[in-house]
Amino acid sequence: SGAHRPRLTFLGTGYLGATYAICFAELGYEVIGFDVDEAKIAKLAGGEVPFHEAGLDELLRKNLASGRLRFSTDYAEVAEFGDVHFICVGTPQRADGMGADLRYVEAAVSGLARHLTRKALIVGKSTVPVGTAEWVEQLVAKHAPSELGVEVAWSPEFLQEGHAVEDVLRPNRIVVGVRSEWAAAMLDAAHEGVVTLAATEDREVPVVVTDFATAELVKVAANAFLATKISFINAMAEVCEAAGGDVTNLARAIGYDPRIGNRFLRAGLGFGGGCLPKDIRAFQARAQELGAGEALRFLHEVDLINQRRRSRVVRLAADMLDRGYGPAGPELAGARVAVLGATFKPDSDDVRDSPALAVAATLGKAGADVRVYDPQGIDNARRALPDVTYEATMADAVRGADLVCVLTEWAEFRTADPAALGELVSGRRVIDGRNCLEAAEWIRAGWQYRGM
Ligand code: UGA
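Residues numbered from 1 in each chain as written. Predicted model: local features only at pLDDT ≥ 70, side-chain atom pairs only at ≥ 80, totals over all residues.

K.L.:
Help me understand the overall build of the chain, please; the structure alone is not making it clear to me.
P.N.:
Scanning the chain from N- to C-terminus turns up 18 helices and 16 strands. Summarising its shape, the C-alpha atoms of the chain cover approximately 75 × 50 × 45 Å along the three principal directions. Counting all 452 residues of the chain, 47% fall into the buried class. Long-range contacts, defined here as pairs at least 24 residues apart, represent 70% of the contacts in the chain between residues at least 6 apart. (Helix = DSSP H or I, 4+ residues; strand = E, 2+ residues; numbered from the N terminus. Buried ≥ 20, exposed ≤ 12 C-beta atoms within 10 Å, placed from the backbone. Contact = placed C-beta atoms within 7 Å.)

K.L.:
Mind showing me how you'd approach the UniProt feature "domain: UDP-glucose/GDP-mannose dehydrogenase C-terminal" (unreviewed entry) in the chain here?
P.N.:
When the UniProt feature table is mapped onto this chain, "domain: UDP-glucose/GDP-mannose dehydrogenase C-terminal" (unreviewed entry) is found at residues 338-439. Between the C-alpha atoms that bound residues 338-439 the distance is 18 Å, and the span itself is 34% helix and 18% strand. (UniProt positions renumbered as here; feature names shortened; annotations may be inferred.)

K.L.:
Sorry, what's going on with the site of the ligand here?
P.N.:
Lining the immediate environment of the ligand, one finds 20 residues, of which E161, R266, F271, G273 and C275 sit closest. Of all the elements, helix 9 (residues 212-243) adds the most residues to the shell around the ligand, at three residues. Looking at side-chain class alone, the shell around the ligand contains 10 nonpolar, seven polar and three charged residues. Each of domain 1 (8-210) and domain 2 (219-304) accounts for three or more of the residues forming the shell around the ligand. (Near = placed C-beta within 6 Å. Nonpolar A, V, L, I, M, F, W, Y, C, P; charged D, E, K, R; others polar. Domains from an automatic or database assignment.)

K.L.:
Is there a simple way to explain the sheet that holds strand 15 (residues 429-432) in this structure?
P.N.:
Sheet strands associate in pairs through backbone hydrogen bonding, adopting either a parallel or an antiparallel arrangement. On the basis of which strands lie adjacent, the open sheet formed by six strands has the order 13-12-11-14-15-16 and parallel pairing. Each of the sheet's edge strands pairs with one partner strand only, and the pair in question is strand 13 (389-390) and strand 16 (448-451). Pairing between strand 14 (residues 403-406) and strand 15: three bridges, direction parallel. In the strand pairing of strand 15, C405 is matched with I431. Across the sheet, helix 12 (residues 297-320) lies against strand 11 (336-340), strand 14, strand 15 and strand 16, angled at about 165° from strand 15, the strand it touches most. (Pairing = 2+ DSSP bridges. Axes fitted to C-alpha atoms, helices over the stretch in contact; angles between N-to-C directions.)

K.L.:
Explain the domain arrangement of the chain to me, please; I cannot follow it from the model alone.
P.N.:
How big an interface is tends to be stated in terms of the accessible area lost upon association of its parts. Here the domain parsing of the chain yields domain 1 (8-210), domain 2 (219-304) and domain 3 (308-451). The straight-line distance from the C-alpha centre of domain 1 to that of domain 3 is 38 Å. Counting from both sides, the interface comprises five residues of domain 1 and, opposite them, six residues of domain 3.

K.L.:
Before we go on, may I ask you to explain the confidence of the model for the chain in this structure?
P.N.:
Predicted coordinates in regions of low pLDDT should not be interpreted in detail. A residue-level look at the chain finds 99% of positions with pLDDT of 70 or above and a mean pLDDT of 96. Across the whole predicted complex the pTM is 0.94, and at the interface the ipTM reaches 0.97. (pLDDT = per-residue confidence, 0-100.)

K.L.:
Looking at this structure, how should I read helix 11 (residues 276-289)?
P.N.:
Side chains that are three or four residues apart share a direction in an α-helix, a result of its 3.6 residues per turn. In a regular helix each residue adds 1.5 Å, so 14 residues correspond to 20 Å; helix 11 covers 20 Å between its end C-alpha atoms and thus fits that length. For helix 11, the buried fraction is high: 10 of the 14 residues fall into the buried class. Residues L276, P277, K278, D279, I280, A282, F283, Q284, A285 and R286 constitute the buried set of helix 11. Each element contacted by the buried residues of helix 11 is listed here: helix 9 and helix 12. (Expected span 1.5 Å × (residues − 1).)

K.L.:
Is there a simple way to think about the pairing of strand 14 in this case?
P.N.:
On a regular strand, one side chain projects to one face of the sheet and the next to the other, so that they alternate. What you see with strand 14 is no split at all: L403 and C405 on one side and V404 and V406 on the other are buried throughout. One ladder, built from four bridges, connects strand 11 with strand 14; its direction is parallel. Each bridged residue has a counterpart across the sheet, and for V339 the counterpart in strand 14 is C405.

K.L.:
Can you help me understand the UniProt feature "binding site: NAD(+)" (unreviewed entry) in the chain in this one?
P.N.:
Following the UniProt record, the feature "binding site: NAD(+)" (unreviewed entry) maps to D35, K40, T91, T127, E161, K278 and R352 here. Look at the named residues: they lie 318 residues apart in sequence, and the longest C-alpha span between them is 24.3 Å, so in the fold they stay spread out. Relative to the elements of secondary structure, D35 occurs in the loop between strand 2 (31-34) and helix 2 (38-45). Take D35: there are 24 C-beta atoms within 10 Å of it, and that puts it in the buried class. Structurally, T127 is set in the loop between strand 5 (121-124) and helix 6 (132-143). Filtering out sequence-adjacent residues up to four positions away, T127 remains in contact with T91, K219, V220, C275 and D279.

K.L.:
How should the packing of helix 12 against helix 13 (residues 355-365) be read in this particular structure?
P.N.:
A pair of packed helices is characterised by two quantities: the angle between their axes and the separation of those axes. Relative to each other, helix 12 and helix 13 sit at 45°, their axes nearing to 10 Å. Here helix 13 runs oblique to helix 12, going by the angle between their axes. When the axes of helix 12 and helix 13 are compared, the crossing they make is right-handed. Every residue of helix 13 that contacts helix 12 at R309, R310, V313, V314 and A317 is listed here: P355, A358, V359, T362 and L363. Taken together, the residues that form the contact of helix 12 with helix 13 break down as seven nonpolar, one polar and two charged. (Parallel < 35°, antiparallel > 145°, perpendicular 65-115°, else oblique. Left-handed = near helix turned anticlockwise from the far one by under 90°.)

K.L.:
Got a minute to help me understand the nonpolar core in this structure?
P.N.:
Note on soluble globular proteins: their nonpolar side chains tend to be buried together. Within the largest apolar cluster, 136 residues are counted, with the highest numbers of intra-cluster contacts made by I122, A317, V337, L340 and C405. Non-local contacts of L340, meaning those with residues more than four positions away in its chain, are made with Y373, M394, A397, V404, C405, V406, L407 and F413. (Core = buried A, V, L, I, M, F, W, Y, C linked by C-beta atoms within 7 Å.)

K.L.:
Just checking my understanding: could you explain the pairing of strand 6 (residues 151-154) for this structure?
P.N.:
In this sheet, strand 6 lies alongside strand 5 in parallel orientation, the contact comprising four bridges. Residue pairing across strands places V123 opposite A153, the latter belonging to strand 6.

K.L.:
How should I be thinking about helix 1 (residues 15-26) in this particular structure?
P.N.:
Helix length check: helix 1 (12 residues) gives 17 Å between terminal C-alpha atoms against 16 Å at 1.5 Å per residue, within 8%. Within helix 1, 12 of the 12 residues are buried, which leaves the element mostly enclosed by the surrounding structure. Residues of helix 1 that are buried include every one of Y15, L16, G17, A18, T19, Y20, A21, I22, C23, F24, A25 and E26, and no others. At the exit of helix 1 stands G28, carrying a positive phi of roughly 110°.

K.L.:
Teacher, can you tell me more about the packing of helix 5 (residues 103-115) against helix 6 here?
P.N.:
Between helix 5 and helix 6, the shortest axis-to-axis distance is 9 Å and the interhelical angle comes to 35°. Between helix 5 and helix 6 the crossing geometry is right-handed. For the pair helix 5 and helix 6, contact is made by V105, E106, V109, S110, A113 and R114 and by T132, V136, L139, V140 and H143, respectively. Residues belonging to the contact of helix 5 with helix 6 are distributed by class as follows: six nonpolar, three polar and two charged.

K.L.:
Help me understand the environment of V194 in this model?
P.N.:
Looking at where V194 falls in the secondary structure, it is placed in helix 8 (residues 181-200). On a C-alpha basis, the gap between V194 and V168 in space is 8.2 Å, while along the polypeptide they are 26 residues apart. Apart from residues no more than four positions distant in its own chain, V194 is found in contact with L27, L169, P171, I174 and V205.

See below:
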């Protein structure tokens, strides 16, 4: 197999592009991963994944060895090689806090288009405001030789950090926005490996073929829905707390209705990461521009509920330590607080917009002596928040603490022995910021326990 398959390139070897490049080589395609960052490319070419993702290192080395996978910093090489070019660069939040910054998309598309020497398909994968695919078409028209007939398509991705390899190899759907039969056929060929793998496993991957605007919107609509689901259950947690209810049982009970479903209904410290928070803000900004701002006003509330979870933990910390709470926040001078978890979720080393780090920062600003431990995220956390103390083990972080805050639900924390940890602390107080601990066990071991 493989001879009839298009050759693929992935521009931008961050989290998204690197995972795709490696997984598509694994599916049998010939692939180049491109980035302007020479250090990143050198690492990947040397067999090292620059971020933490389960299973990806092995696949990288295997496919480098197979000869199907290469990395490059040269637009000309990529342009010459590829039939289908996937744009996977970042679309960060703009400095004004709302819209998406498309400068990397512009750089990648124009850099590539200028060097094209034959017809090719450029496929956007990055999360973008609706309307970007059309703008990319204009960029291509401006920079690629017009006689080549280079075309554009849009195909959003839905991978989740921590199971990205599975999500790429076994996606629950493929979405493509196309304007021509040729583009649709090229994308079919580019996805044939995924569809074939599913067939050998007796599964089917639904493919939704649609227009540009819908393909772009699918992605932000999905993330907006997920964010809303999380904020919904966190709003119920606020009401439960006021009424003396138990949100975990409430979530379980409503989740048995298949129309609601039990996934993404974990109440706690709320959502963070490089996607959900920025996507819902960019989506609101874009809707506003389109004159549909009213339709997404609820997302502002989703954001506020989410932010309140962080303040809630800080408030709980002050309460448990019997400290005052002034207009400027709590007074925590002299308190030793262990923060367990720095990443925005477990099984990742990503600390972008991490609720755990945001809480650690606030506790530190309030005067607490904050000791942070995370199984994977300490290097990134230290860069993002240099002014708290990082410890190399959970025991080191917890030793001498007046309060322990579990803020990311790593397995290491969920399975920790509360009796053994109790021996290390100076006060047995724990905040379970992710409702992930066995409360009864902690209480039995003499801890004062507060969940979310
Ligand atoms: C998210 C989406 O889930 C992916 O489908 C999407 O492709 C991706 O963004 C993206 O846009 O690229 P990810 O950011 O990796 O994926 O993380 P999630 O697993 O969605 O978690 C997001 C946040 O929500 C985390 O901070 C997590 O702790 C929190 N969360 C999740 C909850 O608080 N409760 C839940 O029930 C689930």
